[in-house]
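Structural overview
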Amino acid sequence: MSNDVRTPVVPLSAPTEPEPRWWAAPLTGTVLAPALAVAVSSMENAFADRAFLLTGGLLISYALVLPSWFLARTHARSRRRNGLVLAGCMAAAFFPAVVSTLGWTLFLVMLFTGHIDG
């Protein structure tokens, strides 16, 4: 028998109760990400000239949205789920602009340093 009167320390943990509408964010990302990728690619006329912009935007956005379907369906994981969906939608919307900007920057740097002939 012990004379220890301390109460046991219970670690603070997030509630493990299931979230009833866990599927709303992943479903929104699954529908919105390809719509954004197609809209942004069509604004830049990338369907015929640069189809890799549409394909890359779709693949990267789905690579970010897909794990949100498999996270634990609790309130503790809803922030991570929402973050993944937001990152996927932003990747779909900004991927063509980022790739085009990097391509033009690389072209200008190589042109001005004499590595290619203009």
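Residues numbered from 1 in each chain as written. Predicted model: local features only at pLDDT ≥ 70, side-chain atom pairs only at ≥ 80, totals over all residues. Heavy atoms only, no water.

**Examining the overall build of the protein**
Our working rule: We count a stretch as a helix when DSSP gives it H or I for four or more residues in a row; a strand needs E for two or more, and each element gets its number in order from the N terminus. Exposed residues in this analysis have more than 50% of their type's maximum accessible area, buried residues have under 20%, and partly exposed residues fall in between, with area computed by a 1.4 Å probe over protein chains only. Whether two residues are in contact is decided by their heavy atoms, any of which lying within 4.5 Å being enough. Computed by Shrake-Rupley with a 1.4 Å probe, the accessible areas treat only the displayed protein chains as cover when residues are assessed.
The helix and strand inventory of the protein stands at 3 helices and 0 strands. Ordering the α and β elements of the protein from the N terminus gives α-α-α. Out of the 118 residues belonging to the protein, those deemed buried represent 27%. Restricting the contact set of the protein to residue pairs at least 6 apart, pairs at least 24 apart contribute 68%. Here the protein has roughly 8,500 Å² of accessible surface; of this, 69% comes from carbon and sulfur atoms.

**Observations concerning the packing of helix α1 (residues 24-43) against helix α3 (residues 78-112)**
Operational definition: In this description, a line fitted to the C-alpha atoms serves as the axis of each element, helices being fitted only across the stretch in contact, and the angle between N-to-C directions of two axes falls anywhere from 0 to 180 degrees. Note on terminology: angles under 35 degrees are roughly parallel, angles over 145 are roughly antiparallel, angles of 65 to 115 are roughly perpendicular, and the others are oblique. By the convention adopted, Pro, Cys, Tyr, Trp, Phe, Met, Ile, Leu, Val and Ala count as nonpolar, Lys, Arg, Asp and Glu as charged, and the other residues, Gly among them, as polar.
Closest axis-to-axis distance for the α1/α3 pair is 7 Å, and the angle between their directions is 5°. One element, α1, and the other, α3, form an angle in the roughly parallel class. Along its contact with α1, which presents A25, P26, G29, L32, A33, L36, A37, V40 and S41, the element α3 presents R81, N82, V85, G88, C89, A92, A93 and P96. Across the contact of α1 with α3, the residue classes break down as 12 nonpolar, 4 polar and 1 charged.

**Examining the environment of A76**
Position of A76 relative to the elements: it lies in the loop between α2 (51-65) and α3. On the accessibility criterion, A76 (40% relative accessible area) is partly exposed. Sequence separation of A76 and P18 is 58 residues, and the distance between their C-alpha atoms is 9.4 Å.

**Considerations on a nonpolar patch on the surface**
Rule in force here: Surface patches are defined over residues having more than 30% relative accessible area and no salt bridge, joining like charges when they lie within 9 Å and nonpolar side chains (Val, Leu, Ile, Met, Phe, Trp, Tyr) when within 5 Å. The working definition used for a salt bridge is a side-chain nitrogen of Lys or Arg within 4 Å of a carboxyl oxygen of Asp or Glu.
Where nonpolar side chains cluster on the molecular surface, the patch consists of L86, M90, F94, V98 and L102 and spans about 500 Å² of accessible area. Looking at where V98 falls in the secondary structure, it is placed in helix α3.

**With respect to the pattern of salt bridges**
Pairing is possible between side chains that carry opposite charge, provided their charged atoms lie close to one another. Taken as a whole and assessed by the stated rule, the structure comprises 1 salt bridge. The closest approach of N and O atoms between E19 and R81, which form a salt bridge, is 3.3 Å. Of this pair, E19 sits in the segment before α1 while R81 sits in helix α3; the two residues are 62 residues apart in sequence, bridging distant segments of the chain. Of the two residues, E19 and R81, neither departs from the other in class, the shared state being buried.

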